[in-house]
Amino acid sequence: MDRMEEENGKLEENQPSPAGSICGFTSLHHLLKASLQPHLYQEVSRMLLGLNCGRPLENIALPESAKALSLKHAFDLQAYCFGADKEQLRESRIVRVGLIQNSIAIPTTAPFSEQRRSIFEKLKPIIDAAGASGVNILCLQEAWTMPFAFCTREKRWCEFAEPVDGESTKFLQDFAQKYDMVIVSPILERDVKHGETIWNTAVIIGNNGNIIGKHRKNHIPRVGDFNESTYYMEGNTGHPVFETAYGKIAINICYGRHHPLNWLAFGLNGAEIVFNPSATVGELSEPMWPIEARNAAIANSYFVASINRVGTEIFPNAFTSGDGKPQHADFGHFYGSSHISAPDACCTQSLSRYQDGLLISDMDLNLCRQLKDKWGFRMTARYEMYAELLERYSRPDFEPQVVSDPLLNKKPS
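Residues numbered from 1 in each chain as written. Predicted model: local features only at pLDDT ≥ 70, side-chain atom pairs only at ≥ 80, totals over all residues. Heavy atoms only, no water.

Time to look at the overall build of the protein. A count of helical and extended segments in the protein gives 11 helices and 15 strands. At 22 Å, the protein has a C-alpha radius of gyration in line with the 22 Å of a compact globule built from 413 residues. With respect to the three principal axes, the spread of C-alpha positions in the protein is 80 × 55 × 50 Å. The burial tally for the protein puts 54% of its 413 residues in the buried class. A separation of at least 24 residues holds for 70% of the contacts in the protein among residues at least 6 apart in sequence. (Helix = DSSP H or I, 4+ residues; strand = E, 2+ residues; numbered from the N terminus. Rg over C-alpha atoms; globule rule 2.2 N^0.38 Å. Buried < 20%, exposed > 50% of the residue type's maximum accessible area, 1.4 Å probe, protein only. Contact = heavy atoms within 4.5 Å.)

So this is what it looks like as structure tokens:
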């Protein structure tokens, strides 16, 4: 938390409210905590965040070095612990996960090399704080190396695209080796072996600094200013799950969170943690943001880690998106609010709506199977029935299964 802020997440009275705050508060939860009596806040928090094994989530004590980095570099730092019931035949499988949200570092008018380098420098202390805190798996936000310029439809932003083993991967490989940490790095990929094709891609870097693999974004939005299909199309990597030293992970990039079958496919392939690196703005999606990830965690009995960038990015040239709105030079406010959801329906508080942040969470992966046993969603699903419907639906001669009331169009006698 920024030094200017009080413990309740509100700016001091003599400080102006920054863009993206909620009535001067960093998040909805800080606003509620400051506005409600303690017993009322406790009950509201139970309803909004749920309970983990019947208890509110506990905070994790972090090392002083991580806290010092947070204060020095003014990024929000929060840490929570998801538990699971103790089992007799399995040891606990506790993994520490970290999520980084950040704004760009310098204006979009600066030379591209300087923009990228400044983001690298900005993230160094946040990654160091994650490493000092013992994070096992770290995930960055969508297209973290650049402004989210896909609203502009200007092709010059393609210069930020790089191969899977490019500059950003090399930058992160050093941290992965230094901290024995798996890192998920969502980038704009240039596939040099296939005609310089561009993709929206997440690179998975192993804790030994090796490249485990990549996943390309399955669903591309065509809504509002999200003009992404000007730059890249739907991915071709399916729904891979990556078995790492710390668990089986998958990456559902941004717009894929709106597609329940996309979440399902990662679960069918055995994911225990699904990361959702995103770039989304308040006017368009904020009411959906805390619902979709939490629902996916419940329905698929895995953890979901949701990351969103922060800030308002102003571009040199105004643009329109064919939606009747006047031309403008920004996408809107990226509202951060990164959080983690568990299969037992509980979730962490969110990071700040306007401040860079690092969210850390311990999670016992045994909880995934415990919730599968409890609710039996996999056992009671009717996959053969769904498969038959989807097979028919994909054919040009599909006819919906609609049973009409025979009296609907019958005239009264």
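Approximately 390 Å³ is the volume found for the second largest pocket. Lining the second largest pocket are 19 residues, and of these Leu28, His29, Trp289, Pro290 and Ser350 sit closest to its centre. For the lining of the second largest pocket, the residue count by class is 9 nonpolar, 7 polar and 3 charged. (1 Å grid on protein atoms, 1.4 Å probe; cavity = no way out; pocket = protein on both sides within 12 Å on 5 of 7 lines; lining within 4 Å. Points joined across faces, edges and corners; volume = space filled by probe spheres on them. Nonpolar A, V, L, I, M, F, W, Y, C, P; charged D, E, K, R; others polar.)

One finds Val97, Leu99, Ile137, Ile249, Ile273, Phe275 and Phe303 to be the most contacted residues of the largest nonpolar core, which totals 34 residues. Leaving out residues up to four positions away in the same chain, Ile249 has contacts with Ile137, Val182, Val184, Ile204, Pro240, Val241, Phe242, Thr244, Ile273 and Phe275. Among the nonpolar cores identified, the runner-up in size contains 31 residues, and Phe75, Leu77, Leu140 and Ile205 belong to it. (Core = buried A, V, L, I, M, F, W, Y, C linked by side-chain atoms within 4.5 Å.)

What follows concerns the packing of aromatic side chains. A ring pair, where both rings are aromatic, is described by two values, the distance of the centres and the angle of the planes. Per the counting criterion, the structure on display carries 21 aromatic pairs. Centroid distance Trp375 to Phe377: 5.7 Å. Interplanar angle 20°. Geometry classified as stacked. Cluster of aromatic residues (ring-pair linked, three or more members): Phe148, Phe150, Phe226, Tyr231, Tyr232, Phe331 and Phe334. If you follow Arg156 out to its NZ or CZ, it ends over the ring of Trp157, 4.7 Å from the centre. Over the face of the ring belonging to Phe334 we find Arg309, whose NZ or CZ atom lies 5.8 Å from the ring centre. (Phe/Tyr/Trp six-rings, centres within 6.5 Å; stacked < 30°, edge-to-face > 60°. Lys NZ or Arg CZ within 6 Å of the ring centre and 35° of its normal.)

A few words on the confidence of the model for the protein. Across the protein, the average pLDDT comes to 94, with 96% of residues at 70 or higher. Across residues 1–7 the pLDDT falls below 50, and counting only partners more than four positions away or on other chains, this stretch makes 25 contacts in the model. (pLDDT = per-residue confidence, 0-100.)

This brings us to a nonpolar patch on the surface. Side chains of Leu261, Met385, Tyr386 and Leu390 sit close together on the surface and give an oily, nonpolar patch of about 390 Å² of accessible area. Of the residues forming the nonpolar patch, the biggest block, 3 residues, is contributed by helix H11 (residues 383–393). As for its placement among the helices and strands, Leu390 is situated in helix H11. Judged by its relative accessible area of 44%, Leu390 is partly exposed. (Patch = residues over 30% accessible without salt bridge, like charges linked within 9 Å, V, L, I, M, F, W, Y side chains within 5 Å. Areas by Shrake-Rupley, 256 points an atom, 1.4 Å probe, with all protein chains shown as cover. Salt bridge = Lys/Arg side-chain N within 4 Å of Asp/Glu carboxyl O.)

As a packed pair, helix H1 (residues 28–35) and helix H2 (residues 38–49) sit with axes 9 Å apart at the nearest point and diverge in direction by 155°. Accordingly, the angle class assigned to the pair H1 and H2 is roughly antiparallel. H2 is crossed by H1, and the crossing has right-handed handedness. The segment H1 lies against H2, with His29, Leu32 and Lys33 engaging Tyr41, Val44, Leu48 and Leu49. Class assignment of the residues belonging to the contact of H1 with H2 gives a composition of 5 nonpolar, 1 polar and 1 charged. (Axes fitted to C-alpha atoms, helices over the stretch in contact; angles between N-to-C directions. Parallel < 35°, antiparallel > 145°, perpendicular 65-115°, else oblique. Left-handed = near helix turned anticlockwise from the far one by under 90°.)

Our focus in this paragraph is the sheet that holds strand E14 (residues 339–341). One open sheet accounts for 5 strands, arranged E8-E9-E10-E11-E14; its pairing is mixed. Of all strands in the sheet, those with a lone pairing partner are strand E8 (242–244) and E14, marking the two edges. Each adjacent strand pair in this sheet contributes to an overall mean axis angle of 25°, direction not counted. Here 3 bridges tie E8 to strand E9 (residues 247–251), and the two strands are oriented antiparallel to one another. The partner of Phe242 across the bridge, within E9, is Ile249. Relative to the sheet, helix H6 (residues 260–268) contacts E9, strand E10 (273–278) and strand E11 (303–308), its axis offset from that of E10 by approximately 145°. Packing against the sheet, helix H8 (residues 289–300) makes contact with E10, E11 and E14, and its axis sits at approximately 155° to E11. (Pairing = 2+ DSSP bridges.)

Right, let's talk about the pattern of salt bridges for a bit. The tally for this structure, following the rule as stated, stands at 25 salt bridges. We note a salt bridge from Glu121 to Lys124, for which the minimum N-O separation is 2.9 Å. Here the residue Glu121 and the residue Lys124 both occupy positions in helix H4 (residues 112–132), the gap between them amounting to 3 residues, near one helical turn. The exposure class of Lys124 is partly exposed, given its relative accessible area of 31%.

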